[in-house]
Amino acid sequence: MNKETITVTSPLLPDLDEFHTLLKEIWDSKWVTNNGSFHKRLEQALCEYLKVPYISLFTNGTLPLLTSLQALRITGEVITTPYSFVATTHAIWWNGCKPVFVDIDPTNCGMDPDKIEAAITPHTTAIMPVHCYGKPCDMERIQAVADKYNLKVIYDAAHAFGVEVDGESVLNRGDMATLSFHATKVYNTLEGGALVMHDAETKKRIDYLKNFGFAGETEVVGPGINSKMDEVRSAYGLLNLKLVDDAIEMRHQVAIRYREALRDVKGIRFFDDMPGVKHNYSYFPIFVNAEEYGMTRDELYSKMKEQGILGRRYFYPLISTFSTYCGLPSAAPENLPVATRIANEVICLPMHHGLNEGDLNRVLETIVR
Ligand SMILES: *Cc1c(COP(=O)(O)O)cnc(C)c1O
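Asker: Pulling in residues and values, what's your account of the packing of aromatic side chains?
Answerer: Tallying each qualifying case throughout the model produces 18 aromatic pairs. On the numbers, 6.1 Å between centres and 85° between planes, the contact of F161 with F181 is edge-to-face. Of this pair, F161 sits in the loop between β5 (152-156) and β6 (164-165) while F181 sits in the loop between β8 (176-180) and β9 (193-197); the two residues are 20 residues apart in sequence, bridging distant segments of the chain. For F161, a relative accessible area of 3% puts it in the buried group. Overall, F181 belongs to the buried group, its relative accessible area being 0%. Residues Y258 and F284 carry aromatic rings whose centres are separated by 5.0 Å and whose planes lie at 50° to one another, so their mutual orientation is tilted. In this pair, Y258 is assigned in helix α8 (residues 231-262) and F284 in strand β12 (residues 284-288), connecting sequence segments 26 residues apart. The pair Y258 / F284 is uniform in exposure class, with both members buried. Every member of this aromatic cluster is reached through a ring pair, and the members are Y83, Y133, F271, Y283, F287, Y314 and F315. Directly above the ring of Y293 sits R369, whose terminal nitrogen or CZ lies 5.0 Å from the centroid.

The structure is reproduced here in structure tokens:
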């Protein structure tokens, strides 16, 4: 008998009857998008949940990246990480800017603050780091470099929903931070995303830019895009917000089980919790040292696949190897030794709220040797 496939993630879905009740409300109101009541309620609820002052909802997690750079009038060169989902660098490209890759810190897979200064030129205007796997970047040191050179910092926090350091949301750091509510993320609105900012003036500007630049009925203040979230997904998001704490706790239990079982496996490295950090357990990456483990990452990846266990090689290949970017001087592998090595070692294990003991045993039996 074929065993059921274990996927790397599974969407958190709201109760269908409750969703139906809210759909009925939307149908009755005949107001389906353009800053409707569910959109307003979700922005309010997310501000409270995430402990942030202002948020603007988007139709996905890529457009807030684009719009943040536009809103801050970023030009020239933007320093970023090659170890991310490709949307991070695409957002820089779409703004007509040049991405400049710096290497990562192996202890959190985020941008290495020691490497930033050497990448700065007279054209540099911003830094776009990623809280990879929801592990907070070294925000103090990134901000120190940014302040010294008068650069903006926009965090791609697509993985960092609900992540806090010493009780404070990571979303409150830098000039702005972006979120993705894609179905594969810890918290989802099917497709969706958001931009977090610190003041009402910026929120107003972002709300214009995500609605074609309209500031009122007849005035257009800039070449905005259309990236508004609709009422159906806002309602779905309100319901999922009630479930997300339990889902994160179930992920936490999965992480505990993985760590116990993998702690003594030679050649497998993984992350422990960081002191003072409230984690969201969005991913469980393991790093395979082929020599010590006796099998390469790709051999283990294939073995898992044969067993119906679909890990994902996040993030392999590096963004800097894709055809659009590989010609950039900063994309040379010699410039990115840590990211290059880690991209060849990583597998993200199945991690979601719906994994049961049998699933976890199957995953671990395949890896522990
Ligand atoms: C998912 C993701 C995005 C893009 O989000 P979408 O909602 O899929 O557009 C951007 N950056 C990172 C790091 C991501 O993981």
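Once the structure has been displayed, the description carries forward.
Asker: An account of unusual backbone geometry is requested, with residue identities and associated values reported.
Answerer: Glycine aside, negative phi is the norm for most residues, and most peptide bonds take the trans geometry. Omega for the bond connecting Y314 with F315 falls within 30 degrees of zero, at 10°, which places this linkage in the cis form. In this fold, F315 is placed in the loop between α10 (297-306) and α11 (337-343). In the segment running from Y316 into P317, the intervening peptide bond is cis, with an omega of -10°. Here P317 lies in the loop between α10 and α11. If you check the backbone angles, K30 has positive phi at about 55° while not being a glycine. Here K30 is to be found in the loop between α1 (16-29) and α2 (37-50). The exposure class of K30 is exposed, given its relative accessible area of 71%. Even without glycine at this site, R73 takes up a positive phi of about 55°. Looking at the secondary structure, you find R73 in the loop between α3 (63-71) and β2 (77-80).

What counts and what doesn't
- Residues numbered from 1 in each chain as written.
- Predicted model: local features only at pLDDT ≥ 70, side-chain atom pairs only at ≥ 80, totals over all residues.
- Heavy atoms only, no water.
- Phe/Tyr/Trp six-rings, centres within 6.5 Å; stacked < 30°, edge-to-face > 60°.
- Helix = DSSP H or I, 4+ residues; strand = E, 2+ residues; numbered from the N terminus.
- Buried < 20%, exposed > 50% of the residue type's maximum accessible area, 1.4 Å probe, protein only.
- Lys NZ or Arg CZ within 6 Å of the ring centre and 35° of its normal.

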